Structure formats: structure tokens, C-alpha cells
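# Structural overview for review
Each chain is listed here by its residues.
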Amino acid sequence: MPNIDKYNKAFTETFMIDESKLPELKYQDVSGWDSIGHMQLMSSLEEAFDIELDIDDIIDFSSYEKGKEILKKYGAEI
Amino acid sequence: MMDENGETLSFNLMGIQECQRNRYPLLFVDQITEAIPGKSVRGIKCFSYNEWFFPAHFDDEPNVPGFIQIECLVQTFIMSFLCMEEYKGKKTNFISINNVKFKRKIVPGETLDVEATLDSLKRGIAKGHAESFVNGEPACSAEFVVTIPDVFSRFMPNNTSQVKDGGR
């Protein structure tokens, strides 16, 4: 599966939202992306890309777009 | 108390209260007979008729309410990580309780033996399960997801540090 699809799937499945909402999506924009949802999203991404995110990156992961930059550091070009 | 290999702990009531914040009338584990930090724990809860809830549940047929059985399970379960120095004394909140099963009525004079396993603990979120027995007969069982807010809140974006929307 292409990285963009893996990345989008982590969001749509964790927060149960449509892919069309993703480009503008920020932390706490939807009810699913609350503090608990954030941890679920981080776990889904770690599993999907077989990586382990650092605490600083988890804190910086404040939007869909920002997340793409962060995953680049782990070798996952989105 | 620690055994010779340094891995198995046990706690009396005072030791339990050093590890977790639940107190009378909502402390529902009397003794931890075996705790392997970060892995598993065994505990007991003895029920006498002097428990505050028996006269109310029910006056003609005293038995342990379901929500209290769940507290027995989870309070034993959280000892699997609250016995570790880095988590000792921290508060915990429920995220979810799944697959709860009640298989047996528990009445005054009986003792509940609880066995709990910590399946994972990451970023302040602990997942695990517990089952319990009375005289060897299955009583209640459940799966839990619990947070340690002090730890969990360190991972929130933009320093939004309160667990304002998850767990009680």
C-alpha cells in the first residue's frame, strides 16, 4: 500500500472521518482527535510504518500536514 | 517484600495504599499476594457483612454489586504497574472496560481471588485483563484500558496537558 494511503487510513480509521476532511485537519478539530484519540493515532502510525515515535514528535504532531513532515524523519515519505 | 530474584513483590493493605490512591470506602483490594512488576499480579478481597453496601444490595439477599466486582478487578490490575517505583502513588483513570462477565454471586463471608495481567503499558496507557475466583469457581472477568494521567499528559500536542476528555 502506498505511504499516503497508509497515512490516511490511520486517520480515517482512528477518527472515523471521511478522507476529504484530512488536508485541513488539526488536533481537536474533530471529536475523535482528543487526547485518547491522539495516542491511538500514534499507535496506528507506528504499526503502519513499523517505527517508534519520539516523545517530542508525538507532542509536535498537531495536524495532518505536520504529521507528514514528522514521518519524513523516520524515512516515510508521504 | 521482595523475593530472592528481586522480581516478585507482595503488599499488605498499607503497602497497597502507598501504591494506589483508592481509599475507604472505595478501596477494594485487601492484599497483593504476588506482583511481578510490569507483568502480572494476584490479589484478594475479603467481603464481610460489615461492607457498607451489603445492607442496601439487598436487604433480603446481600451480595456484591457488579460495579464493586469491577473495582476489585481493576484495583488489583493497576497494582501490576503502580508497584513500579516510577508509577508508585499515581492516580489512574478508566478509558474502557470490555468483555465484562459475571459468573457467580458473591455473598458475605466469601473471598475473591483476583488474577490480573498487564498486556501493554505505553505512554501512560495500560491495557490488560483480569479474572477472579471464589473457592476456585470463576466469578467475574473483564478487560481494561486505563490511563495514568500524569504520564499520559506529557504526550499531548501543543502542551494541551489535561486529560480533559478521556477517562474517569
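Look up: the structure comes first, before these words.
No experiment lies behind these values; they were computed from the predicted model shown.

## Structural notes on the overall build of chain A
Scanning chain A for helices and strands turns up four helices and zero strands. Scanning chain A from its N terminus toward the C terminus, one meets helices and strands in the order α-α-α-α. On C-alpha atoms alone, chain A measures out to a radius of gyration of 11 Å, which is about the 12 Å that the 2.2 N^0.38 rule sets for 78 residues. By its C-alpha atoms, chain A is 30 × 25 × 20 Å across when sized along the principal axes. Taken across its 78 residues, chain A has 46% of its residues classed as buried. In chain A, the proportion of contacts linking residues at least 24 apart, taken out of those at least 6 apart, comes to 46%. Summed over all atoms, the accessible surface of chain A reaches about 4100 Å², with 43% contributed by carbon and sulfur. Across chain A, the 8 positively charged side chains and the 18 negatively charged ones have centroids separated by 5 Å.

## Looking at the sheet that holds strand 7 (residues 137–147) of chain B
Residues and elements named next belong to chain B. Read from one edge of the open sheet, seven strands run 1-2-3-5-6-7-4, paired in antiparallel fashion. Sheet topology places strand 1 (9–11) and strand 4 (93–102) at the edges, where each strand pairs with a single neighbour. Averaged over all pairs of adjacent strands, the angle between strand axes in this sheet comes to 20 degrees, irrespective of strand direction. The pairing of strand 5 (residues 111–122) with strand 6 (residues 125–134) spans nine bridges and is antiparallel. Residue pairing for strand 6: threonine 117 is matched across the bridge by histidine 129. Running at roughly 65 degrees to strand 7, helix 2 (residues 66–77) makes contact with strand 2 (31–36), strand 3 (40–46), strand 4, strand 5, strand 6 and strand 7 of the sheet.

## A short note on the nonpolar core
Among the nonpolar cores identified, the biggest contains 72 residues, and Phe11 of chain A together with Phe77, Phe81 and Phe144 of chain B are the most heavily contacted of them. Residue contacts for phenylalanine 11 of chain A: discarding those within four places in its chain leaves Met16, Ile17, Leu22, Leu25, Trp33, Leu41, Phe61 and Tyr64 of chain A.

## Observations regarding the interface of chain A and chain B
Counting from both sides, the interface comprises 17 residues of chain A and, opposite them, 16 residues of chain B. Both sides of the chain A and chain B interface together cover about 1400 Å² of buried area, and 62% of this is carbon and sulfur. The three residues of chain A that bury the most area against chain B are Ile36, Met39 and Ile59 of chain A, which together make up 38% of that side's buried surface. Counting across the chain A and chain B interface gives two salt bridges. Here arginine 123 of chain B ties to glutamate 46 of chain A by a salt bridge, and the two come within 2.2 Å at their closest N and O atoms. Applying the counting criterion to the chain A and chain B interface returns two residue pairs in polar contact (both at pLDDT 80 or more).

## Digging into unusual backbone geometry
Going from tyrosine 24 of chain B to proline 25 of chain B, the amide bond is cis rather than trans, its omega being 5 degrees. Mapping proline 25 of chain B onto the fold places it in the loop between helix 1 (13–19) and strand 2. Residue histidine 57 of chain B is joined to phenylalanine 58 of chain B through a cis peptide bond whose omega torsion reads -5 degrees. One can find phenylalanine 58 of chain B in the loop between strand 3 and helix 2. Located in the positive-phi region is methionine 16 of chain A, a residue other than glycine, with phi close to 55 degrees. Structurally, methionine 16 of chain A can be placed in the loop between helix 1 (3–15) and helix 2 (35–49). Its identity as a non-glycine residue notwithstanding, aspartate 50 of chain A has a phi of 55 degrees, on the positive side. With respect to the helices, strands and loops of the structure, aspartate 50 of chain A is situated in the loop between helix 2 and helix 3 (55–60). Residue classification places aspartate 50 of chain A among the exposed positions, given a relative accessible area of 71%.

Rules used throughout
- Residues numbered from 1 in each chain as written.
- Chains lettered and ligands numbered in written order.
- Predicted model: local features only at pLDDT ≥ 70, side-chain atom pairs only at ≥ 80, totals over all residues.
- Heavy atoms only, no water.
- Helix = DSSP H or I, 4+ residues; strand = E, 2+ residues; numbered from the N terminus.
- Rg over C-alpha atoms; globule rule 2.2 N^0.38 Å.
- Buried < 20%, exposed > 50% of the residue type's maximum accessible area, 1.4 Å probe, protein only.
- Contact = heavy atoms within 4.5 Å.
- Areas by Shrake-Rupley, 256 points an atom, 1.4 Å probe, with all protein chains shown as cover.
- Lys, Arg positive; Asp, Glu negative; His and termini not counted.
- Charge placed at Lys NZ, Arg CZ, Asp CG, Glu CD.
- Pairing = 2+ DSSP bridges.
- Axes fitted to C-alpha atoms, helices over the stretch in contact; angles between N-to-C directions.
- Core = buried A, V, L, I, M, F, W, Y, C linked by side-chain atoms within 4.5 Å.
- Buried area = accessible area lost by both parts, 1.4 Å probe.
- Salt bridge = Lys/Arg side-chain N within 4 Å of Asp/Glu carboxyl O.
- Polar contact = N/O pair within 3.5 Å; in protein donor to acceptor, adjacent residues only side chain to side chain.

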